[in-house]
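Below, each chain spelled out in residue letters.
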Amino acid sequence: MSTNNALKNYESSKNVIGYVNRKEATQADYDRIGFMSGLEVHQQLLTKKKLFCNCPAGIFQKPDEYDAELIRHMRPTLSELGEYDGTALMEFKTKKEIIYRIANNTACTYDVDDTPPFPIDREALDISIEISLLSKLKIVGEVHITRKQYLDGSIPTGFQRTAIIGIDGELTLKNNRKIHLIQLSIEEDSCREISDIGHTRIYRTDRLGMPLIETVTSPEMRNPDEVKEVCDHIRFLNRSTGKVRTGIGAGREDVNVSCKGGTRVEIKGVAHTKWIPELSHNEAFRQWALLYIREELLKRCKKEQWKANHVELNHTQFSNVSDAIRKAVENGCKIYAINLPHFKNLLSFFTQPGKPFYDEFINRLKVIACIEKPNMTCSEDLESLLDDAGWKKIARQLNAKEEDAQILFWGPERDIPMALDVIEERALMTFDGVPQETRKSFEDGTTIFERVLPGADRMYPDTDSVPIPLEDAHIEKLRKNIPEDLSERYGQLVIWGIPEDTFSYIFSKNYYPLMKEIMENLDINPKFIGVFFGHKLKYLHGKYGAIPFDIHRLYELFAFLKDRNIDYAIAPKMTEQMFLNPQMDFESILTIMKYKKISKEEIISRIKLLKEKFISAKKGANAHDKINSIMGALKGVSLGNIDLTELSKKI
């Protein structure tokens, strides 16, 4: 198939499945494809120590900062029922060599599986109970620590210690719709990946073992925007305690998505909630496309009758090959072609924006066969790496029929058998529709294959840890520490008349308690404080980056202005100086701003003279221009001395 025909097929296939862009999609579109989504929201806890050892939490190292390297090769183990987990088997097939870069000040012998676990950190356990209570979850009577297998190397032990703290809760959205929470667990965080090239994966262990909670919702979200709203609600609820970490990587989401006839696919480790709508939208339609491809393939062939065949190629028989293929040959790679019977027009079928169906094969070759990209092309490639004459030669060598499609791939000789298995396995999955898998997310809203979706077989009891009873008296004591429900805070902001476009920033930074303290103790207008935090401070935060001073200094700022009888309108300008000069006292800030105390009466007395000057200079000007001119002339001396709204009325 020519590149032009492949592009035409890709575009026309969007119409075949009724794909619509997210911005144009309606609830009717999501109901048509049976959109369904749930969440697993992870949040690091703000503790002094890691969860199962005495190492400090929250100290990070750079990729090249380490004192030792440790090499591991992961192997799967049987579950309690004598079965292997699918994910563990997949990771074992990759034959990865795992390298851990260890720093003495962030890891210990427990982290590298040379020491049994210490007792669970009680500070972390108590925070997880408080957040469970805030989430209206029922607290378990005993905490039972279990092991969850991870053979990707992200945890040196090969498993993560985790425990359920609360079950069967709920949260209330702004429209009063309730979302069921299945459970909240506490677990140890994993390593941070540095690189993953070929058969070598490198991690650093600074984050390993930090306390982390996971809140799991039911798959009740009906559209992508609702998924984001629920995720934001959970993250804001966690932050309302003031006992969780914030910043890049401190909060991560796994988004579970399915469509009618599809299956649960987990989009892993979404770093930003703003990515969620596009990711969940595209995943639902990806599944919808895969279901159509399945039906089309089943019309042509039965699964049990389908069989691929392959052949090794000699690149010298092709007169026009791409630089990618030429470079692969120079590096000693073998080139193979594989025939996919009855797959014509399916490889170029749309699955995600910019990604046809053959992209499903590309990333499995990378992940399972460990062949770096670019690693393949196909007879329906949107950017073909081989001319039409080359594809005709390949089709003849494979004894391909008109209704077939071909994949050409290359890689090191030792990886070829696995690559052939991977391609044939994914082709056979096409007959079943949507594979259960975990996918990696990107900012553009697309995803790629990451690993097979883990099953229940990977969970088993931790024989190194005893059950921890939770006394009712202790739970009730912790209940006294929890803040008001997030929905109550939403309602209070509305009552105060604070603009709704400030809510997200206020809750994401947990400024509500500080705002309330300023309003109540200093008797300042709630709407002014809401706009100051939600608009003015947000603007300065975006302009200058991280806030370089203790946020509670803003309480001191307003107390200072109240004590000096200085108008609060000067607060944004003073706050900007606090970004530039974090250690400077308020009196010095006023000095560098050239602020002078002038009475209201003196400022108002200048209006008449300014009016007369304006009229003599610009005869015939309208009243609006007059007011703006006088306001502009007086603004410098007025800031901090008179409310600008009051001054405008006087003018």
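Residues numbered from 1 in each chain as written. Predicted model: local features only at pLDDT ≥ 70, side-chain atom pairs only at ≥ 80, totals over all residues. Heavy atoms only, no water.

A. Expanded view of the overall build of the protein. Broken down by element type, the protein carries 21 helices and 23 strands. The principal-axis extent of the C-alpha atoms belonging to the protein is close to 95 × 75 × 50 Å. Here the protein, with 651 residues, has 53% of them falling under the buried criterion. A total of about 29,700 Å² of accessible surface is found on the protein, and carbon and sulfur atoms cover 51% of it. For the protein, the centre of its 92 positive side-chain charges and the centre of its 96 negative side-chain charges are spaced 6 Å apart. (Helix = DSSP H or I, 4+ residues; strand = E, 2+ residues; numbered from the N terminus. Buried < 20%, exposed > 50% of the residue type's maximum accessible area, 1.4 Å probe, protein only. Areas by Shrake-Rupley, 256 points an atom, 1.4 Å probe, with all protein chains shown as cover. Lys, Arg positive; Asp, Glu negative; His and termini not counted. Charge placed at Lys NZ, Arg CZ, Asp CG, Glu CD.)

B. View of the nonpolar core. The biggest cluster of nonpolar side chains holds 142 residues, and the ones touching the most others in it are Phe343, Leu347 and Phe533. Listed in part, the 14 residues of the second largest apolar core include Leu313, Phe318, Val321 and Leu398. (Core = buried A, V, L, I, M, F, W, Y, C linked by side-chain atoms within 4.5 Å.)

C. A look at the sheet that holds strand 10 (residues 200-204). Taken together, the four strands give an open sheet; going across it, the order is 2-3-10-9, and neighbouring strands pair in mixed fashion. Every other strand in the sheet has two partners, leaving strand 2 (68-72) and strand 9 (192-197) as the edge strands with one partner each. Strand-to-strand twist of the sheet, defined as the mean angle between neighbouring strand axes without regard to direction, takes the value 20°. Bridging between strand 2 and strand 3 (residues 97-102) involves five bridges; their strand directions are antiparallel. Opposite Ile71, over in strand 3, you have Ile99 as the bridge partner. (Pairing = 2+ DSSP bridges. Axes fitted to C-alpha atoms, helices over the stretch in contact; angles between N-to-C directions.)

D. Summary view of the pairing of strand 19 (residues 405-411). Counting buried positions along strand 19 yields seven of seven residues, so the element is predominantly enclosed. As paired strands, strand 18 (residues 376-378) and strand 19 are joined by three bridges and run antiparallel to one another. Bridge pairing in strand 19 links Met376 to Phe409.

E. Layout of empty space enclosed by the protein. On inspection of all chains with the given rule, the structure shows five cavities of 30 Å³ or more. What the second largest cavity holds in volume is close to 50 Å³. Taken together, Tyr110, Asp111, Ile155, Thr157, Glu188, Leu208 and Gly209 form the lining of the second largest cavity. Residue classes in the lining of the second largest cavity are distributed as three nonpolar, two polar and two charged. (1 Å grid on protein atoms, 1.4 Å probe; cavity = no way out; pocket = protein on both sides within 12 Å on 5 of 7 lines; lining within 4 Å. Points joined across faces, edges and corners; volume = space filled by probe spheres on them. Nonpolar A, V, L, I, M, F, W, Y, C, P; charged D, E, K, R; others polar.)

F. Main features of the pattern of salt bridges. Counted by the stated rule, this structure contains 54 salt bridges. The residue Arg22 makes a salt bridge to Asp225 at a minimum N-O spacing of 3.1 Å. Of this pair, Arg22 sits in the loop between helix 1 (3-17) and helix 2 (27-33) while Asp225 sits in helix 5 (residues 224-239); the two residues are 203 residues apart in sequence, bridging distant segments of the chain. Its salt-bridge partner being Lys48, residue Glu123 comes within 3.6 Å of it at the nearest N-O pair. Placement of the pair is Glu123 in helix 4 (residues 122-134) and Lys48 in the loop between strand 1 (36-44) and strand 2, with a sequence separation of 75 residues. Given a relative accessible area of 63%, Lys48 falls into the exposed group. (Salt bridge = Lys/Arg side-chain N within 4 Å of Asp/Glu carboxyl O.)

G. Quick look at the packing of aromatic side chains. Counted according to the given criterion, the structure contains 26 aromatic pairs. Ring centres 5.3 Å apart and planes at 45° place the aromatic pair Phe560 and Phe586 in the tilted group. Residue Phe560 is found in helix 16 (residues 553-563), and its partner Phe586 is found in helix 18 (residues 586-592); the two are separated by 26 residues along the sequence. The burial state of Phe560 is the same as that of Phe586; both residues are buried. (Phe/Tyr/Trp six-rings, centres within 6.5 Å; stacked < 30°, edge-to-face > 60°.)

H. Quick look at unusual backbone geometry. Residues Lys373 and Pro374 are joined by a peptide bond in cis, for which omega reads 0°. In this fold, Pro374 is placed in the loop between helix 8 (359-367) and strand 18. Within the chain, Lys136 stands out as a residue other than glycine whose phi angle is a positive 60°. Among the secondary structure elements, Lys136 is positioned in the loop between helix 4 and strand 4 (138-139).

I. Quick peek at the sheet that holds strand 18. Reading across from one edge, 14-15-19-18 is the order of the four strands in this open sheet, with antiparallel pairing throughout. One side of each edge strand has no neighbouring strand; the edge strands of this open sheet are strand 14 (309-313) and strand 18. Averaged over all pairs of adjacent strands, the angle between strand axes in this sheet comes to 20°, irrespective of strand direction. Lying over the sheet, helix 9 (residues 388-397) contacts strand 14, strand 15 (334-340), strand 18 and strand 19, oriented at roughly 95° with respect to strand 19. (Contact = heavy atoms within 4.5 Å.)

J. Structural context of the side chain of Lys366. Take Lys366: it is sitting in helix 8. Polar contacts involving the side chain of Lys366 include one to the main-chain carbonyl oxygen of Asp196, which spans 3.3 Å. The contacts of Lys366, once residues within four sequence positions are left out, are Asp196, Ile371, Glu372, Lys373 and Asn375. (Polar contact = N/O pair within 3.5 Å; in protein donor to acceptor, adjacent residues only side chain to side chain.)

K. Molecular detail of the domain arrangement of the protein. Once the domains are mapped, the protein shows domain 1 (3-17 + 297-436), domain 2 (34-264), domain 3 (484-592) and domain 4 (600-650). Domain 1 and domain 3 are separated by 57 Å when their C-alpha centres are compared. (Domains from an automatic or database assignment.)

L. View of the packing of helix 12 (residues 486-495) against helix 14 (residues 512-522). Two elements in contact, helix 12 and helix 14, have axes whose closest approach is 12 Å; the angle formed by their N-to-C orientations is 40°. Relative to helix 14, the element helix 12 is oriented oblique. Read as a crossing pair, helix 12 and helix 14 show a hand that is left-handed. Residues Arg489, Gln492 and Leu493 of helix 12 form the contact with helix 14, whose own contacting residues are Tyr512, Pro513 and Met515. Taken together, the residues of the contact of helix 12 with helix 14 sort by class into four nonpolar, one polar and one charged. (Parallel < 35°, antiparallel > 145°, perpendicular 65-115°, else oblique. Left-handed = near helix turned anticlockwise from the far one by under 90°.)

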